[in-house]
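Notes for the structure review
Listed here are the chains, written in short residue letters.
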Amino acid sequence: MPNTLYDALFAPHAGSDKTFLVLKDGRRLGYGAFLDMAGRFAHAIAAAGVKPGDRVALQAKKSAEALAVYAACVQGGFVFLPLNTAYTPAEVEYFVSDAGARLLICDGAGAAALSPVAEKAGAALRTLDADGSGTLADAAAAQPAAFPVAERGPDDLAAFLYTSGTTGRSKGAMLTHDNLLSNAEALVGEWRFTGDDVLLHALPIFHTHGLFVATNVILLCGGAMIFLPGLDVDDLIRFMPQATTMMGVPTFYTRLLSDPRLDRALVSHMRLFVSGSAPLLAETHVEFERRTGQRILERYGMTETNMNTSNPYDGERRAGTVGLPLPGVSIRICDPETGREVAAGEIGVIEVKGRNVFKGYWNMPEKTKEEFRTDGYFITGDLAQMDGDGYVTIVGRAKDLIISGGYNIYPKEVEMLLDEQPGVLESAVVGVPHPDLGEGVVAVVTAKKGASLDPEALLAGIRDRLARFKQPRHVAIVDELPRNTMGKVQKNVLRDRYRDVFAR
Ligand code: MLC
Ligand code: AMP
């Protein structure tokens, strides 16, 4: 049966004993063994009642087995829905029920809290631990490695990735087989990936960056990944001499730079460092080159669009820019109000069109319509300018969004929870410079008449309902919020006022 993504990414490796994953403990997993594991998981998923087109949610620690669930979903035609391991059960409940997932796979330790969530949503529950054990693995163990590949065309759904919205309600971005394959093809070509590449992989696998950009590129070129559970600079340094490439968010680079062991000799085997998901400071770029002789290649993407632009592999990598449109991706910079294209060098919102652009938000046709122009361009909400050579420089965001360590935080979601706390009149949440995470979350809160507020109590009140990374790291209680003449809270004033709270 033809299956767009499976045929390109997985089928070519069937039976191969070439290394696909090198794990932290040094164990190696070949492509063939990985595909066998995926086939067994596909049986176990189908046995849980999942049919092609159904959603399979996974909230589990990074492991070869967790990645095999992705492969199993592609093979079985199931729609993969990976979830950040930091989400609280209250957050998971929204995703599982909104997506109508048929199966929720979680860590054994999370099963007790998620069992009522699965039950309420009518989803089966299975467990998968970081060591590969759990009820999903138990069900898979007795199954054959071969699983019939489901027929899937380019326009069929491969994955749902949730991104938060400015209204505070998360939206499920529907990604098709062709969205993912076309982008992997563009990146393999642009970044010169081959079967000889070994990618140092320390990113999470529940987001576009670690899952699609990194993993799909390696699967397509037939290379290998050093597959680490998370960012630990000691591990990066230990494995760097075995790797040829690394992809990371800017925090990867600032943390590496803060380690004196980072030098030219350490990276002598590396041919490419890629950064994305958040702005890389030009000074980080310059300092990394000074220390290592390597110019980081910065690229720009989004959950909804996969990768849009990249600095060139061979040409000039310009610090502070996100480079040029990728092959097959059309980019224009437009006036946010009128939608008219602005002149070269002027600031406007980035709009994108191409095979990489998602199909729409699950069950939100109106929202989807709002974010596309009538000629098919997707409005990213990122503000940028494009110079005469086509290089794009991101200068800000038209959307109210904080990016902390590469994770997106929508202020509205945090504000809604803060506003529900006893004694709170209103709140405004902003991102300000943070030396490690790029941006750190600050909440500015006012009290109702006669009430007195305690920052600790406020944080305690939202702790169970909001992933830790979204929780404010600084809370200021003030008499009133600054407003413009229209009565709108001036977040720029707050960003300015609190810009030094995380300064080293
Ligand atoms: C962890 N913590 C964070 C955080 N990550 N807080 C804010 N922002 C983050 N990003 C908190 C934890 O809750 C914990 O809090 C403390 O920091 C230490 O946790 P940790 O797990 O030990 O953190 P660490 O391993 O250091 O993780 C930091 C990180 C990680 C930057 C390495 O967040 C990361 O891997 N980020 C990558 C995100 C990513 O892949 N984004 C791509 C999105 S796709 P406490 O208080 O309990 O100690 C996309 C499209 C595109 O954007 O273009 O790619
Ligand atoms: P997400 O919704 O998690 O996919 O985040 C996408 C957002 O991350 C984009 O809309 C940008 O605002 C931001 N982003 C991604 N890559 C870069 C980059 N290289 N520089 C600046 N911002 C980036």
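Read on for a plain summary of the structure. What you see is a predicted model; the values in this text were computed from it and never measured. (Residues numbered from 1 in each chain as written. Chains lettered and ligands numbered in written order. Predicted model: local features only at pLDDT ≥ 70, side-chain atom pairs only at ≥ 80, totals over all residues. Heavy atoms only, no water.)

**Things to note about the overall build of the protein**
Secondary structure assignment for the protein yields 15 helices and 25 strands. Over its C-alpha trace the protein gives a radius of gyration of 23 Å, about what one expects of a compact globule, namely 23 Å for 504 residues. Along the three orthogonal principal directions, the C-alpha set of the protein runs to about 65 × 55 × 50 Å. Residue burial in the protein is summarised as follows: out of 504 residues, 58% are buried. At a minimum sequence separation of 6, the contacts of the protein that also span at least 24 residues come to 66%. (Helix = DSSP H or I, 4+ residues; strand = E, 2+ residues; numbered from the N terminus. Rg over C-alpha atoms; globule rule 2.2 N^0.38 Å. Buried < 20%, exposed > 50% of the residue type's maximum accessible area, 1.4 Å probe, protein only. Contact = heavy atoms within 4.5 Å.)

**Quick notes on the site of ligand 1**
Around ligand 1 there are 22 residues in total, and Arg 255, Ser 277, Arg 299, Ser 404 and Arg 468 lie nearest to it. Here an oxygen atom of ligand 1 sits 2.7 Å away from a polar atom, N or O, in the side chain of Arg 255. The contact in question runs from an oxygen atom of ligand 1 to an N or O atom on the side chain of Ser 277, over 2.6 Å. Protein contacts shield 72% of the accessible area of ligand 1, which totals 1000 Å² for the unbound molecule. Listing elements by their share of the shell around ligand 1, those giving two or more residues are helix H8 (208–221), helix H10 (250–257) and strand E13 (297–302). Here the element with the most residues in the shell around ligand 1 is E13; it accounts for three residues. A class-by-class count of the residues in the shell around ligand 1 yields nine nonpolar, nine polar and four charged. (Near = heavy atom within 4 Å. Polar contact = N/O pair within 3.5 Å; in protein donor to acceptor, adjacent residues only side chain to side chain. Areas by Shrake-Rupley, 256 points an atom, 1.4 Å probe, with all protein chains shown as cover. Nonpolar A, V, L, I, M, F, W, Y, C, P; charged D, E, K, R; others polar.)

**With respect to the site of ligand 2**
Residues in close proximity to ligand 2 total 16 residues, the closest being Arg 299, Thr 303, Asp 382, Lys 399 and Asn 408. Note that a nitrogen atom of ligand 2 is positioned 2.7 Å from one of the backbone N or O atoms of Arg 299. Asp 382 is positioned with one of its side-chain polar atoms (N or O) 2.6 Å from an oxygen atom of ligand 2. Contact with the protein chains covers 93% of the free accessible surface of ligand 2, which is 500 Å². Only E13 and strand E20 (392–397) provide two or more residues apiece to the shell around ligand 2. At five residues, E13 tops the list of elements feeding residues into the shell around ligand 2. Its residues assigned to classes, the shell around ligand 2 comprises seven nonpolar, four polar and five charged.

**Quick word on the pattern of salt bridges**
With the rule as written, the count across this model stands at 33 salt bridges. A salt bridge links Arg 27 to Asp 25; the nearest nitrogen and oxygen atoms lie 3.0 Å apart. For the salt bridge of Arg 318 with Glu 316, the shortest nitrogen-to-oxygen distance reads 3.2 Å. When its relative accessible area of 46% is taken as the criterion, Glu 316 is described as partly exposed. Overlapping salt bridges bring together Lys 171, Lys 367, Glu 370 and Glu 371 as one network. (Salt bridge = Lys/Arg side-chain N within 4 Å of Asp/Glu carboxyl O.)

**Overview of helix H4 (residues 89–99)**
If you check which residues of H4 are buried, you get Glu 91, Val 92, Phe 95, Val 96, Asp 98 and Ala 99. For H4, the secondary structure elements touched by its buried residues are strand E3 (55–59), strand E4 (79–82), strand E5 (103–106), helix H5 (111–121), strand E7 (157–163) and helix H13 (411–419). After H4 finishes, the residue Gly 100 shows a positive phi value of roughly 65°.

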